[in-house]
Amino acid sequence: MAATRSSDDGIDSGRDNAGAREESLRMVSSAPMGDEPVSDEELRPHALDGFIGQPRLKAQLQLFLDAARKRDVPPDHILLAGPPGLGKTTLAMIVANELGVPIRVTSGPAILHAGDLASILSSLDTGEVLFIDEIHRLPRAAEELLYIAMEDFRVDVMVGKGPGASSIPLTLPRFTVVGATTREGMLPAPLRARFGFTAHLDFYPHDELERLVERSAGVLGITLGPGAAAELALRSRGTPRIANRLLRRVRDWAIVHDLGVIGQKDVHDALALYQIDSEGLDRLDIAVLKAIVTSFQGGPVGLNNLAAMVGEEAETVETVCEPYLVREGFLVRTPKGRVATRRAWTHLGLDPDMDPADGAERDVSKLF
Ligand SMILES: Nc1ncnc2c1ncn2[C@@H]1O[C@H](COP(=O)(O)OP(=O)(O)OP(=O)(O)O)[C@@H](O)[C@H]1O
Ligand SMILES: [Mg+2]
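So, a few notes on the structure that sits alongside this text. (Residues numbered from 1 in each chain as written. Chains lettered and ligands numbered in written order. Predicted model: local features only at pLDDT ≥ 70, side-chain atom pairs only at ≥ 80, totals over all residues. Heavy atoms only, no water.)

1. Brief notes about the pairing of strand E5 (residues 166–171)
Move 1: Relative to E5, strand E4 (residues 154–159) is paired through six bridges, and the arrangement is antiparallel. Paired with Met158 across the strands is Ser167, a residue of E5. (Pairing = 2+ DSSP bridges. Helix = DSSP H or I, 4+ residues; strand = E, 2+ residues; numbered from the N terminus.)

What follows is the structure, given as structure tokens:
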């Protein structure tokens, strides 16, 4: 079991890293870029009230925290699951703030041995929040230690080494684990079962992102004209981190062009310079769609052929471009390969019923 898990982890972290390298070059990447981990901080809301969107999740979390406060006990453990950049870390900080307790921050990859986790756990104060980011990457032994700590508030501390080593049970004060994961499916069931509340973060609709952009503009002292926030929201792929990044790039544009107020057209022009189009697609997304449509008559085309056409690694196309293209209905994955949808054709300004190579009518009935 342990062997299977670690080999899965190996494959997965390889994919993540390759994806992450490529992602870090993209303006529309949902992973943090450059100094963003620092600048993310200034835009983080500190209270649940300031957290934009996700109304159901907010209401559930509010109730959950209010009940704990009324009972005057630390709340049950909380799991935050969802894609990068949607607000998991932000919510973890908010939970601690709302409860008025300190927060200890660690992450799955930072814990190399069970002992690392044991020493964090044994130094926690009553009621403290322990935030474990990327909790699906905890080593197996640490995971097992965490089960017991979360359920029984107890940790076995190993004293000594070799045959003389013994374990001393240590009772922990009641605390709250807030775990965050971008891959809920990789969490073993026993660990998942120890969370009393799981929040699934979804991509944000345009109107929520528009409010988020307006809020961030206020924090950064940027004045947006009519339609500017909506224009940014449209291109942000449902992701607050991308919305905030695009806003900062538009601010650069405004500074260089001496603009007091940023209008809708300024957003349009600034983002055109970065090759981000009206649907939030960037150069690589468009290259992928164009290759399917113009070189393969709309598909189906195998991943490797497609990647070769756009001069990228297959893995990059699969992990970096495709998820958003599939989610937005530009591309479908079929057993025979990737197929561009009608939406992709029209987005490229082409007629899906015409073959772009010779203008002849195509038979699209067999494609899907
Ligand atoms: N609902 C929201 N309202 C306001 N700002 C938000 C919201 N969600 C996210 N943000 C902002 O977006 C940025 C990224 O959010 P955050 O760091 O919480 O994402 P994450 O889910 O933890 O991502 P990762 O999986 O990469 O760790 C932060 O600057 C944060 O302030
Ligand atoms: Mg985070």
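Next, the rest of the story.
2. Side note on the pattern of salt bridges
Between side chains of opposite charge, a pair can form as their charged atoms come close.
Move 1: The full count for this structure, using the stated rule, is 22 salt bridges.
Move 2: The partner of Arg140 in a salt bridge is Glu144, and the shortest N-O contact between them spans 3.4 Å. One end of the pair, Arg140, and the other, Glu144, are both in helix H6 (residues 140–152), four residues apart, so they sit about a helical turn from each other.
Move 3: Assessed through its relative accessible area of 38%, Glu144 is described here as partly exposed.
Move 4: A salt bridge links Asp152 to Arg154, with the nearest nitrogen and oxygen atoms 4.0 Å apart.
Move 5: What makes Asp152 partly exposed here is its relative accessible area of 45%.
Move 6: When its relative accessible area of 31% is taken as the criterion, Arg154 is described as partly exposed.
Move 7: Connected through salt bridges with shared partners, the residues Arg26, Arg237, Asp282 and Asp285 form a single ionic network. (Salt bridge = Lys/Arg side-chain N within 4 Å of Asp/Glu carboxyl O. Buried < 20%, exposed > 50% of the residue type's maximum accessible area, 1.4 Å probe, protein only.)

3. Section: the sheet that holds strand E1 (residues 78–81)
Move 1: Taken together, the five strands give an open sheet; going across it, the order is E2-E3-E6-E1-E7, and neighbouring strands pair in parallel fashion. A single partner strand is all that each edge strand has here, and the edge strands are strand E2 (103–107) and strand E7 (197–200). Pairwise comparison of adjacent strand axes, ignoring direction, gives a mean angle of 15° for this sheet.
Move 2: Where E1 and E7 come together, four bridges link them in parallel fashion. In the strand pairing of E7, Leu79 is matched with Thr198.
Move 3: Packing of helix H3 (residues 55–71) onto the sheet brings it into contact with E1 and E7, and relative to E7 it is tilted by some 160°. (Axes fitted to C-alpha atoms, helices over the stretch in contact; angles between N-to-C directions. Contact = heavy atoms within 4.5 Å.)

4. Remarks on the packing of aromatic side chains
Move 1: Going through the model one piece at a time under the given rule, you end up with two aromatic pairs.
Move 2: Judged by centre distance (5.3 Å) and plane angle (85°), the ring pair of Phe153 and Phe175 falls under edge-to-face. Of this pair, Phe153 sits in the loop between H6 and E4 while Phe175 sits in the loop between E5 and strand E6 (176–181); the two residues are 22 residues apart in sequence, bridging distant segments of the chain.
Move 3: The exposure class of Phe153 is buried, given its relative accessible area of 11%. (Phe/Tyr/Trp six-rings, centres within 6.5 Å; stacked < 30°, edge-to-face > 60°.)

5. Considering the environment of Pro352
Move 1: Relative to the elements of secondary structure, Pro352 occurs in the segment after helix H15 (342–347).
Move 2: Put simply, Pro352 and Thr341 are eleven residues apart on the chain and 8.3 Å apart in space, counted from C-alpha to C-alpha.

6. So, the side chain of Glu322
Move 1: Tracing the sequence through the fold places Glu322 in helix H14 (residues 314–327).
Move 2: Polar contacts involving the side chain of Glu322 include one to the side chain of Arg333, which spans 2.8 Å.
Move 3: Residue contacts for Glu322: discarding those within four places in its chain leaves Leu303, Leu306, Val317, Leu331, Arg333 and Arg338. (Polar contact = N/O pair within 3.5 Å; in protein donor to acceptor, adjacent residues only side chain to side chain.)

7. With respect to unusual backbone geometry
Move 1: The peptide bond linking Gly299 to Pro300 adopts the cis configuration, its omega dihedral lying at 0°.
Move 2: Inspection of the secondary structure assignment puts Pro300 in the loop between helix H12 (283–295) and helix H13 (303–310).
Move 3: Of note in the backbone geometry, Asp72 takes a positive phi value of approximately 60° without being a glycine.
Move 4: Inspection of the secondary structure puts Asp72 in the loop between H3 and E1.

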